[in-house]
Amino acid sequence: MAEVTLDKIVSLCKRRGFIFPSSEIYGGLNGAYDYGPLGVNLKNNIRDFWWREMTQIHDDIVGIDASILMNSQVWKASGHVSNFTDPMVDCKVCHARFRADQIDLKGPCPNCGNKGSFTEPRNFNLMFVTHIGPTADDASTVYLRPETAQGIYVNFKNVVTSARMKVPFGIAQVGKSFRNEITTKNFIFRSCEFEQMEMQWFCKPGTDDTWFPYWREQRMAFYGKMGIRVDHLRWHQHGPDELAFYAKDAYDIQYLFPMGWQELEGVHDRTDYDLTQHQKFSGKDMNYLDPMTNEKYIPYIVETSAGLTRNVLMVLSDAYEEQQLKDDTRVVLHLHPAIAPIKVAVLPLQKKDGLAEYASKLEHDLRHYFVTDYDVSGAIGRRYRRQDEVGTPYCVTVDYDTLKDNTVTIRYRDSMEQKRIRIEDIPAEVAKADAAYKRV
Ligand code: GAP
């Protein structure tokens, strides 16, 4: 099987309109990317799959959408202003910049090869700073949030009161986060602007020891449901020197990316650190009063924190395959039908004799059920290849028999099998095939 490289994924993303470099006509911007027509569908579908899993399938999880800009006291309380730093070194010869924990400081510079050329490590805060209003002083300083989690913590009391939630319960949120990353290589893996899908589970102190393994198991199972190969996923527990400043215990779900095993999602036991800090800094009571027992306590938090944009790269890497067929080759994306950017492509065998008009009408009708595509240009084999390459699970072909009996050929992406069905059965056939989907 041909090797899946990051270059192949980047090239497919550009060629087919999944992801482009940001402001490309001006030479791009480090660590920033734009999602094209197929990329935005894929990203939104992964987001929706996660949202449904968290807020619909699980009990007692509600959603919020907090603003990106928050009172800067939030980031003082959370510890990000003083602790959210990476150690950074510069090469004195070529001026390249590295994270001190990612290179051998006694070895040669990875860029120019000179030895002994690094500056002393300096701590570099990862938050982007800006100002609200016309004057740029301390009082007007605001930060672009580096995680979505804090927007949940500061709304804990609002949600308890307004949605009448009882501990244990969760709050889910999806949104943009920003980090001034020193190293942004590996495409969208580590970018300065990215999206996170986070869920904060509020529980009684002590019960975190039960909920922490529960959420680890749930989160790993989620990736299986999304059709990801389980042998490409594993756990990594943080050692004492890796633990974030807020965590009592932490595990990463790692995925075998084309560049090796890397973090995809973190599951953290944050104890009562965050709510205690917000209570201290805001002066507001963050205690929860249990209505059954009258006990009062600051809840512990188990957090599940996944990168949405990093999930996009993971899903593309996992789905990508170059297949050698009997008399041809094809690139195919084995995407789960629930997240594929296009669900059904309608292809008339010929443009002439009324086939194109019939197919176009059918495609319009099917839009009420799925995201569809209509493609009339080129030989039918080439059109199948184009759909395979973007992961469209089902192609429906309109031919001369269709005009006589209103049947079409439905072709399955992974097996390439074809079968004849009536047009009115297409939605039910697709639903059945979706439900039976298994990653090949
Ligand atoms: N609230 C906890 C938190 O933010 P994290 O481990 O720093 O924890 C969680 O980030 C997830 O967010 C990571 O597992 C990763 O998927 C994603 N992520 C973090 N930094 C990122 C970046 N610079 N670019 C893309 N995704 C990133």
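Residues numbered from 1 in each chain as written. Predicted model: local features only at pLDDT ≥ 70, side-chain atom pairs only at ≥ 80, totals over all residues. Heavy atoms only, no water.

Next up on the list: the sheet that holds strand 20 (residues 372–374). Pairing within the open sheet is mixed, and its 5 strands lie in the order 20-19-21-22-23. What marks the edges here is a single partner per strand, and that holds for strand 20 and strand 23 (418–422). Pairwise comparison of adjacent strand axes, ignoring direction, gives a mean angle of 25° for this sheet. Of the strand pairs in this sheet, strand 19 (residues 344–348) and strand 21 (residues 394–398) are connected by 5 bridges, and their pairing is parallel. Residue pairing across strands places Val346 opposite Val396, the latter belonging to strand 21. (Pairing = 2+ DSSP bridges. Helix = DSSP H or I, 4+ residues; strand = E, 2+ residues; numbered from the N terminus. Axes fitted to C-alpha atoms, helices over the stretch in contact; angles between N-to-C directions.)

The local shell around the ligand holds 21 residues, among which Glu147, Glu181, Ser191, Glu198 and Glu263 are the closest. One nitrogen or oxygen atom from the side chain of Glu147 is found 2.6 Å from a nitrogen atom belonging to the ligand. Within the contact set of the ligand, an oxygen atom lies 2.8 Å away from a side-chain nitrogen or oxygen of Arg179. About the coverage of the ligand: the protein hides 93% of its 550 Å² of free accessible area. Listing elements by their share of the shell around the ligand, those giving two or more residues are strand 10 (193–203), strand 13 (260–271) and strand 16 (300–307). (Near = heavy atom within 4 Å. Polar contact = N/O pair within 3.5 Å; in protein donor to acceptor, adjacent residues only side chain to side chain. Areas by Shrake-Rupley, 256 points an atom, 1.4 Å probe, with all protein chains shown as cover.)

Time to look at the nonpolar core. With 54 residues, the main nonpolar core has Phe18, Leu42, Ile46, Tyr223, Met226, Met314 and Val315 as its most contacted residues. The dominant element in this core, judged by the number of residues it contributes, is helix 9 (residues 308–319), at 7 residues. Not counting chain neighbours up to four residues away, the residues in contact with Leu42 comprise Phe18, Val312, Val315, Leu316, Leu335, Ile339 and Pro341. Counting 19 residues, the second-largest nonpolar core is a separate cluster that includes Ala149, Phe156, Tyr288 and Ile301. (Core = buried A, V, L, I, M, F, W, Y, C linked by side-chain atoms within 4.5 Å. Buried < 20%, exposed > 50% of the residue type's maximum accessible area, 1.4 Å probe, protein only. Contact = heavy atoms within 4.5 Å.)

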